[in-house]
Amino acid sequence: MKLLLIKPNIGRREHSLYVDQGRMEPLMLGLLGAMAGPNVEVKLADDRCEAMPYDEQFDLVAITVETFSARRAYEISAEFRRRGCKVVLGGMHPTLLPEEASQHADSIVLSDAESIWGELIEDARRGQLKPQYQGRCQTRPQGETLPRRDLYRKKGYLPVTLSQFGRGCRFACDYCAINSYFHRQHYTRPVADVVREIEAQQRKLVFFVDDNIVATPERAKELFRALIPLRIRWMSQGSVDMTRDPELMALMTESGCLGNVIGFESIAPKSLGEVGKAVNMQNFDQYEQAIKTLKDHGLMTWAAFTVGYDHDTPESLGELLNFAMGHKFTFAAFNLLTPYPSTGFYDRLAAADRLLYGGKWWLHPDYRFNHAAFRPARMSADELTEISFRMRAKFNSPGSIFKRFFDRKTHLRSLYNMIGYWTYNPLFRKEVFRKQGLRLGLAD
Ligand code: B12
Ligand code: SF4
């Protein structure tokens, strides 16, 4: 049996291949490849860097779908189905919008795949694929499976190994799709499983793609203790409350953490309140203490901000940019608040009739990546799009990259940090311009 696994891009230009230079290994496809078993011939096609093998025949084509790649995923699915291949869709978007996804595939998988993937593969082998499979989040995510990392060879991925300790998060920020998918539960793997996985691969640099690696602090501490003897360097994503737990912070650094993506989101408590970002609001001091703690531990922070709150104005966004530059964060994202389906934020905007693009921006031919998909309260959608783009452009300007470099506690702390800083800042700068305004799906 021949199985093709696909990672769709956000958008794609037919005649000039858009290559995402910051692309990383698609972990879910490595797992699906491994869980398919030894009797299945598996191929991986990554739309971010290569052409789709439409002319080859496969018994099953499996596509992972996030909301921003849904339009492109549906196009790819249609091409394969036209050629007689069966297509299954899974991941965040089909789980949150099954009726829509079903219209574009022979079969869809809801929730995590571990519990049903074997059955689905057997059904596909017999030509008896069911229209829908209900998976579930398991208390031992991933089970004993080690991802098929051989599938990643020669794809030009960044030289970092992706792995995962936990899935989900216990907080309830209302714009975040994680809530809707995991229902505020946090599922962690046994620490021994993670250690075995890291030992089974060669690299010493690991990105834990957890939604919030510190969501259950005691479990995180167990993991960090076990990582210390492995002498790896790692990064992940975590909520800012980590900085209030000295033991957690000490273990984190001792185990080789270089830094985390941290969702600061806004420096205005009113905005944090608007989206239920309770985890950021305790003893709110504009993050001064939290940032000091992060720097004292030498952590290089990727500060994630969101813009488009009802209280945001062009002036307040200017202050936010100054805040980010002033604190010399290693990287920062200024993402537009985006109404992802099945989130509280989406429902609120829909009820107030503030959604643009007929409410389904992810399918709309005119929608562009990083454009506002709703009517902001205090400026126009175009103005918000423009301001957020300028914030990204300014934060990533050569002058800003140069100035931010001079931070003794983080970037200047070691040669390794310096090299990391100068390798990734120019790369991310390029991506700011390349991705801005990218049409979703195929363009001429
Ligand atoms: C790692 C990550 C990234 C990495 C990408 C790494 C890579 N490989 O390229 C980086 C940091 C680059 C990134 C960027 C972005 N990301 Co991101 N990312 C994630 C994260 C944290 C983990 C994904 C992952 O690898 N999980 C591990 C695998 C094993 O789990 P899984 O994907 O859930 O797969 C399981 C099931 O879903 C299912 N499954 C998945 N696919 C399929 C397919 C089939 C056929 C089947 C049967 C089953 C199946 O089976 C798997 C095993 O059970 C997710 C959060 C999440 N929990 O999904 C956000 C997430 C996917 N990202 C999100 C967003 C918004 C973005 C950005 C758009 C942010 C931005 N504004 O720039 C960008 C866009 C990236 C791009 N394409 O250009 C959102 C998407 C929301 C949505 N509704 O789609 C998520 C869900 C985060 C969130 N808090 O909401 N991201
Ligand atoms: S803390 Fe992060 S992962 Fe958790 S619900 Fe909020 S935004 Fe989502």
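Just so it is clear, the model here is predicted, and its values are computed rather than measured.

Draft legend 1. Highlighting the overall build of the chain. A tally of helices and strands in the chain yields 16 helices and 16 strands. Expected size for 444 residues packed as a compact globule is a radius of gyration near 22 Å; at 21 Å, the chain falls within 12% of this value. Seen through its C-alpha atoms, the chain measures out along the principal axes to roughly 60 × 55 × 40 Å. Counting every position in the chain, which comprises 444 residues, the buried fraction comes to 43%. Sequence-distant contacts, at least 24 apart, represent 76% of the contacts inside the chain between residues at least 6 apart.

Draft legend 2. Spatial organisation of the site of ligand 1. Near ligand 1 there are 35 residues, and of these Thr-64, Glu-66, Gly-90, Gly-91 and Asp-112 occur at the shortest range. Put simply, the parts of the chain that give the shell around ligand 1 at least two residues each are helix H1 (27-35), strand E4 (60-64), strand E5 (87-90), helix H3 (92-96) and helix H6 (177-182). Broken down by element, the residue count for the shell around ligand 1 peaks at 4 residues, all from H1. Within the shell around ligand 1, the residues separate by chemical class into 21 nonpolar, 7 polar and 7 charged. Two domains each put at least three residues into the shell around ligand 1: domain 1 (2-134) and domain 2 (149-443).

Draft legend 3. Representation of the site of ligand 2. Taken together, Cys-169, Phe-171, Cys-173, Cys-176, Ile-178, Asn-179, Asp-211, Asn-212, Ser-239, Gly-263 and Val-279 make up all the residues around ligand 2. Grouping the amino acids of the shell around ligand 2 by side-chain chemistry returns 6 nonpolar, 4 polar and 1 charged.

Draft legend 4. Looking closely at the confidence of the model for the chain. Confidence in the prediction for the chain averages 96 pLDDT; 99% of positions are at 70 or higher. Model confidence for the chain, summarised as mean pLDDT per element, is weakest for strand E2 (residues 11-13) at 81 and strongest for E4 at 99.

Draft legend 5. Just unusual backbone geometry, in detail. With a phi angle near 75°, Gln-142 is a residue other than glycine that sits in the positive phi range. Secondary-structure assignment places Gln-142 in the loop between strand E7 (132-134) and strand E8 (161-163). C-beta crowding within 10 Å serves as the criterion here: with 24 such atoms nearby, Gln-142 is assigned to the buried category. In the Ramachandran plot, His-183 falls in the positive-phi region, its phi being about 50° despite a non-glycine side chain. Relative to the assigned elements, His-183 resides in the loop between H6 and strand E10 (186-188).

Draft legend 6. Broad picture of the pairing of strand E14 (residues 302-307). Bridge count for strand E13 (residues 257-265) against E14 is 4 bridges, and the pairing is parallel. Residue pairing for E14: Val-261 is matched across the bridge by Trp-302. Taken together, the 6 bridges between E14 and strand E15 (residues 331-336) define a ladder with parallel strand orientation. Directly across from Thr-306, in E15, lies its bridge partner Asn-335. In this fold, E14 hands off to helix H12 (residues 314-326), which returns the chain to E15; that crossover is right-handed.

Draft legend 7. Spotlight on the packing of helix H8 (residues 217-227) against helix H9 (residues 246-254). H9 packs onto H8 with a crossing angle of 30° between their chain directions and a minimal axis gap of 9 Å. By the angle between their axes, H8 is roughly parallel relative to H9. In the crossing of H8 with H9, the sense of the turn from one axis to the other is left-handed. Together, Pro-217, Ala-220, Lys-221, Phe-224 and Arg-225 of H8 and Glu-247, Leu-248, Leu-251 and Met-252 of H9 make up the contact between the two elements. A class-by-class count of the residues in the contact of H8 with H9 yields 6 nonpolar, no polar and 3 charged.

Draft legend 8. Structural view of the sheet that holds E8. Read across the sheet, 6 strands follow the order E8-E11-E12-E13-E14-E15 without closing on themselves; strand pairing throughout is parallel. Each having just a single partner strand, E8 and E15 make up the two edges of the open sheet. Averaged over all adjacent pairs, the angle separating strand axes in this sheet is 20°, with direction ignored. The strands touched by helix H14 (residues 381-395) are E14 and E15; relative to E15, the strand with the most contacts, the crossing angle is about 175°.

Draft legend 9. Region of the structure containing the sheet that holds E7. Read across the open sheet, the 6 strands follow the order E3-E1-E4-E5-E6-E7; overall the sheet is parallel. Each of the sheet's edge strands pairs with one partner strand only, and the pair in question is strand E3 (41-46) and E7. Strand-to-strand twist in this sheet, taken as the mean axis angle between neighbours without regard to direction, amounts to 20°. As defined by bridge partners, E5 adjoins strand E6 (residues 107-110) across 2 bridges and the pair is classed as parallel. Looking at the pairing, Leu-89 lines up with Ile-108 of E6. Sheet contacts for helix H2 (residues 70-82): strand E1 (2-7), E4 and E5; angle to E5, the most-contacted strand, approximately 165°.

Draft legend 10. Quick look at helix H11 (residues 288-296). For H11, the full list of buried residues reads Ala-290, Ile-291 and Leu-294. For H11, the buried positions fall inside an angular range of 95° around the axis, keeping them on one side. Exposed side of H11, more than 90 degrees from the buried face: Glu-288, Gln-289 and Asp-296 are the residues found there.

Draft legend 11. View of the pairing of E5. Residues Val-87 and Leu-89 point to one face of E5 and Val-88 and Gly-90 to the other, with burial holding for every one of them. Here E4 pairs with E5 via 4 bridges, running parallel. The residue bridging Ile-63 from the neighbouring strand is Leu-89, located in E5. Handedness of the crossover is the feature at issue here: the chain leaves E4, passes through H2, returns alongside E5, and the resulting connection is right-handed.

Cut-off values and rules
- Residues numbered from 1 in each chain as written.
- Chains lettered and ligands numbered in written order.
- Predicted model: local features only at pLDDT ≥ 70, side-chain atom pairs only at ≥ 80, totals over all residues.
- Helix = DSSP H or I, 4+ residues; strand = E, 2+ residues; numbered from the N terminus.
- Rg over C-alpha atoms; globule rule 2.2 N^0.38 Å.
- Buried ≥ 20, exposed ≤ 12 C-beta atoms within 10 Å, placed from the backbone.
- Contact = placed C-beta atoms within 7 Å.
- Near = placed C-beta within 6 Å.
- Nonpolar A, V, L, I, M, F, W, Y, C, P; charged D, E, K, R; others polar.
- Domains from an automatic or database assignment.
- pLDDT = per-residue confidence, 0-100.
- Pairing = 2+ DSSP bridges.
- Right-handed = clockwise from strand over helix to strand, strands pointing away.
- Axes fitted to C-alpha atoms, helices over the stretch in contact; angles between N-to-C directions.
- Parallel < 35°, antiparallel > 145°, perpendicular 65-115°, else oblique.
- Left-handed = near helix turned anticlockwise from the far one by under 90°.
- Arc of directions from axis to C-beta.

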